[in-house]
Amino acid sequence: MKDIDFTGKVAVVTGAASGMGLMTAQEFARLGAKVVMCDCAEAQLRREVEKLKSIACVGDVREFAHAEAAAKIAASLGGCDILVTCAGGNEARCCKSNVPFYEQPVEVIDWGLDVNLKGAVYFARALMPQMVAKKGGVICCLGSVTGFEGDGVGTMYGTAKSGLFNFVKGLALAGGPHNVRALCVTPGPVLTRAAMSGMPTALGRAAETHELVDVILFMCSENASFITGSNHVVDGGRLCMYRPFVAPKEVAK
Ligand SMILES: NC(=O)c1ccc[n+]([C@@H]2O[C@H](COP(=O)([O-])OP(=O)(O)OC[C@H]3O[C@@H](n4cnc5c(N)ncnc54)[C@H](O)[C@@H]3O)[C@@H](O)[C@H]2O)c1
């Protein structure tokens, strides 16, 4: 296996102010890439960008203008080679709306779909032309095991994540002739939040953040040069496990 080295590469990361997006951006910078860090959490993003000497792009992934702004910055650095879409979250948690799907306000439903699915679509649409022009690149979207499992409360979260599994197939077909790869890395519970420690897995624990970021870095490196259109589950065996059905009303209590 080749040593991973991103010297001379331009990487754009969404959701880069915290969690896996932040650690991915930190690792890209450490391994030589010029990094464009995108997030809507401005203060937090600017703090992290300062430490890494990378470039901040503040905005909301639900707006195509934000993706275009990131593309403009990447173009000024020589064109995007790598896009990692980490911005996301379960709408019930992020919008503090812990009710079953059939009671969710439409704004919460829109948030779940737009952040988790359309955000990745917008960024890929804005940045992929630069990869095609450079005759190479990789788009890595963060999925979730919820995309397989479903969720009666944050129903759009799983819906959007499973949409990404198909989205990367389309990108792989469009990008293949231009040596542009696309794939999903799909986590089970990750300790970017302490609450994730309670989610069952076959290994009996949640992942440390680096256990996902190491896979993301591999997928974005030359070592993964034949991987495209695929979904890579990194879940400690969660999807192997039987879980009893929990009705949405019970979850909401
Ligand atoms: N942590 C887990 O257990 C877990 C499990 C499965 C999948 N995932 C997925 O992995 C990805 C990263 O997860 P994490 O736990 O590191 O996330 P996190 O919550 O630590 O970070 C998400 C980042 O996205 C940003 N963000 C949210 N909405 C945005 C918007 N509209 N525009 C721009 N930025 C926005 C937030 O400000 C935050 O910095 C997410 O897509 C998440 O759904 C996480």
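Since the model is a prediction, treat every value here as computed from it, not as a measurement.

**Some words on the site of the ligand**
Near the ligand lie 25 residues; those nearest to it are G15, G19, G88, S144 and T192. The residue makeup of the shell around the ligand, split by class, is 13 nonpolar, eight polar and four charged.

**Notes on helix α7 (residues 155-175)**
Three- or four-residue spacings in an α-helix give side chains the same orientation, since the helix completes a turn every 3.6 residues. Between its first and last C-alpha, α7 extends 30 Å over 21 residues, near the 30 Å set by a 1.5 Å rise per residue. Restricting attention to buried positions, one finds in α7 the residues T155, M156, Y157, G158, A160, K161, S162, L164, F167, V168, L171 and G175. Against the buried residues of α7 lie α4 (91-94), α5 (106-134), β5 (137-142), α6 (146-149) and β6 (180-187).

**Quick notes on helix α3 (residues 64-76)**
Look at α3: 19 Å from first C-alpha to last across 13 residues, which is about the 18 Å you get at 1.5 Å a residue. For α3, the set of buried residues is H66, A67, A70, A71 and A74. Projected onto a plane normal to the axis of α3, the buried residues spread over an arc of 140° and lie on a single side. Among the exposed residues of α3, those pointing more than 90 degrees away from its buried face are A65, K72 and S76. Buried positions along α3 lie against β1 (10-14), β2 (34-39), β3 (55-58) and α5.

**Thoughts on the sheet that holds β3**
Pairing is parallel in the open sheet, where seven strands are placed in the order β3-β2-β1-β4-β5-β6-β7. The sheet is open, and its two edges are formed by β3 and β7 (230-234), each paired on a single side. Pairs of neighbouring strands in the sheet enclose a mean axial angle of 20°, with direction left out of account. Taken together, the five bridges between β6 and β7 define a ladder with parallel strand orientation. When the sheet's bridge partners are listed, V185 is paired in β7 with H232. On the sheet, helix α8 (residues 209-220) packs against β4 (82-85), β5, β6 and β7 and is oriented at approximately 170° with respect to β6.

**Some remarks on the packing of helix α1 (residues 19-30) against α8**
At a closest axis distance of 9 Å, the pairing of α1 and α8 adopts a crossing angle of 55°. One finds that α1 runs oblique with respect to α8. As for how α1 packs across α8, the hand of that crossing is right-handed. In this structure, α1 contributes G19, M20, M23, T24 and E27 to the contact, and α8 contributes T209, H210, L212, V213, I216 and L217. Among the residues forming the contact of α1 with α8, the class breakdown is six nonpolar, four polar and one charged.

**Focus: the nonpolar core**
Counting residues in each nonpolar core, the largest one holds 71 residues, and the members touching the most others are M37 and L127. Per-element tally for this core: the top contributor is α5, with 13 residues. Setting aside its immediate chain neighbours within four residues, L127 contacts V12, A71, A74, C80 and L83.

**Considerations on the pairing of β3**
Across four bridges, β2 lies against β3 in parallel orientation. The residue of β3 that forms the bridge with M37 is A56. For the crossover from β2 across helix α2 (residues 42-52) to β3, the handedness is right-handed.

Conventions adopted
- Residues numbered from 1 in each chain as written.
- Predicted model: local features only at pLDDT ≥ 70, side-chain atom pairs only at ≥ 80, totals over all residues.
- Near = placed C-beta within 6 Å.
- Nonpolar A, V, L, I, M, F, W, Y, C, P; charged D, E, K, R; others polar.
- Helix = DSSP H or I, 4+ residues; strand = E, 2+ residues; numbered from the N terminus.
- Expected span 1.5 Å × (residues − 1).
- Buried ≥ 20, exposed ≤ 12 C-beta atoms within 10 Å, placed from the backbone.
- Contact = placed C-beta atoms within 7 Å.
- Arc of directions from axis to C-beta.
- Pairing = 2+ DSSP bridges.
- Axes fitted to C-alpha atoms, helices over the stretch in contact; angles between N-to-C directions.
- Parallel < 35°, antiparallel > 145°, perpendicular 65-115°, else oblique.
- Left-handed = near helix turned anticlockwise from the far one by under 90°.
- Core = buried A, V, L, I, M, F, W, Y, C linked by C-beta atoms within 7 Å.
- Right-handed = clockwise from strand over helix to strand, strands pointing away.

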